[in-house]
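Residues per chain are reported as follows:
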Amino acid sequence: DDDWTGWCEFFLRATREQAARNEARVRQIFDLYQQRKEWIIQQTRSPYAIWALDFIFSNPIFNASEFIEKTRASRAAANRILNILVSAGLFETIQSGVGRRPAIYAYSELLDITEGVRAIDDHT
């Protein structure tokens, strides 16, 4: 009560602390991107590897059809890349593909950073 200056100091301190946490997360995401960039190029040996990586970082939860459509690769090349990444354990399968329904995947390594906690339950 009647402590406008104290409230402003509290608010500015909280803002500064939140900005520092956000900066740390951004650095973690950037570092993860750089690590995965080299890895995905080596694993897929595809000229579409970076497009695939960019898609994954923009859409950490996605279905197989979206991946195939957005990577700019042919359907066969995109499927090959996706199969390599799934086989390597890069994604968690949220929902298996059945019939015409595509599989849904999550890039939990990225989601864990953005959420600050384990984002995907191990029982999914």
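Residues numbered from 1 in each chain as written. Predicted model: local features only at pLDDT ≥ 70, side-chain atom pairs only at ≥ 80, totals over all residues. Heavy atoms only, no water.

Draft legend 1. Region of the structure containing the sheet that holds strand E3 (residues 104-106). In space, the 3 strands of this open sheet follow the order E1-E3-E2, with antiparallel pairing throughout. Bordering the open sheet on either side are strand E1 (61-63) and strand E2 (92-95), each of which pairs with just one other strand. Each strand axis lies, on average, 35° off the axis of its neighbour in the sheet, ignoring direction. Relative to E3, E2 is paired through 3 bridges, and the arrangement is antiparallel. Bridging across to E3, Glu 92 finds its partner in Ala 106. (Pairing = 2+ DSSP bridges. Helix = DSSP H or I, 4+ residues; strand = E, 2+ residues; numbered from the N terminus. Axes fitted to C-alpha atoms, helices over the stretch in contact; angles between N-to-C directions.)

Draft legend 2. Quick peek at a negative patch on the surface. A cluster of acidic side chains, namely Asp 1, Asp 2, Asp 3 and Glu 9, defines a negative patch on the protein surface. You can see Asp 3 is positioned in the segment before helix H1 (4-44). (Patch = residues over 30% accessible without salt bridge, like charges linked within 9 Å, V, L, I, M, F, W, Y side chains within 5 Å. Areas by Shrake-Rupley, 256 points an atom, 1.4 Å probe, with all protein chains shown as cover. Salt bridge = Lys/Arg side-chain N within 4 Å of Asp/Glu carboxyl O. Lys, Arg positive; Asp, Glu negative; His and termini not counted. Charge placed at Lys NZ, Arg CZ, Asp CG, Glu CD.)

Draft legend 3. Molecular detail of the nonpolar core. If you look at the biggest cluster of nonpolar residues, it comprises 22 residues, and the most contacted ones within it are Ile 56, Phe 62, Phe 67, Leu 85, Phe 91 and Tyr 107. Only H1, helix H2 (49-58), helix H3 (64-70), helix H4 (75-87) and helix H5 (108-115) provide two or more residues apiece to this core. For this core, the element with the most residues is H2, which contributes 6 residues. Those residues in contact with Ile 56, other than ones at most four positions away along the chain, are Phe 62, Phe 67, Leu 85, Phe 91, Tyr 107 and Leu 110. (Core = buried A, V, L, I, M, F, W, Y, C linked by side-chain atoms within 4.5 Å. Buried < 20%, exposed > 50% of the residue type's maximum accessible area, 1.4 Å probe, protein only. Contact = heavy atoms within 4.5 Å.)

Draft legend 4. Representation of the packing of H1 against H5 within the structure. Packing of H1 against H5 leaves a shortest axis separation of 9 Å and a crossing angle of 165°. When the axes of H1 and H5 are compared, the pair comes out roughly antiparallel. The two elements H1 and H5 meet at a crossing, and its hand is right-handed. In this structure, H1 contributes Arg 25, Gln 28, Ile 29, Leu 32 and Arg 36 to the contact, and H5 contributes Glu 109, Leu 110, Ile 113, Thr 114 and Glu 115. For the contact of H1 with H5, the per-class residue count stands at 4 nonpolar, 2 polar and 4 charged. (Parallel < 35°, antiparallel > 145°, perpendicular 65-115°, else oblique. Left-handed = near helix turned anticlockwise from the far one by under 90°. Nonpolar A, V, L, I, M, F, W, Y, C, P; charged D, E, K, R; others polar.)

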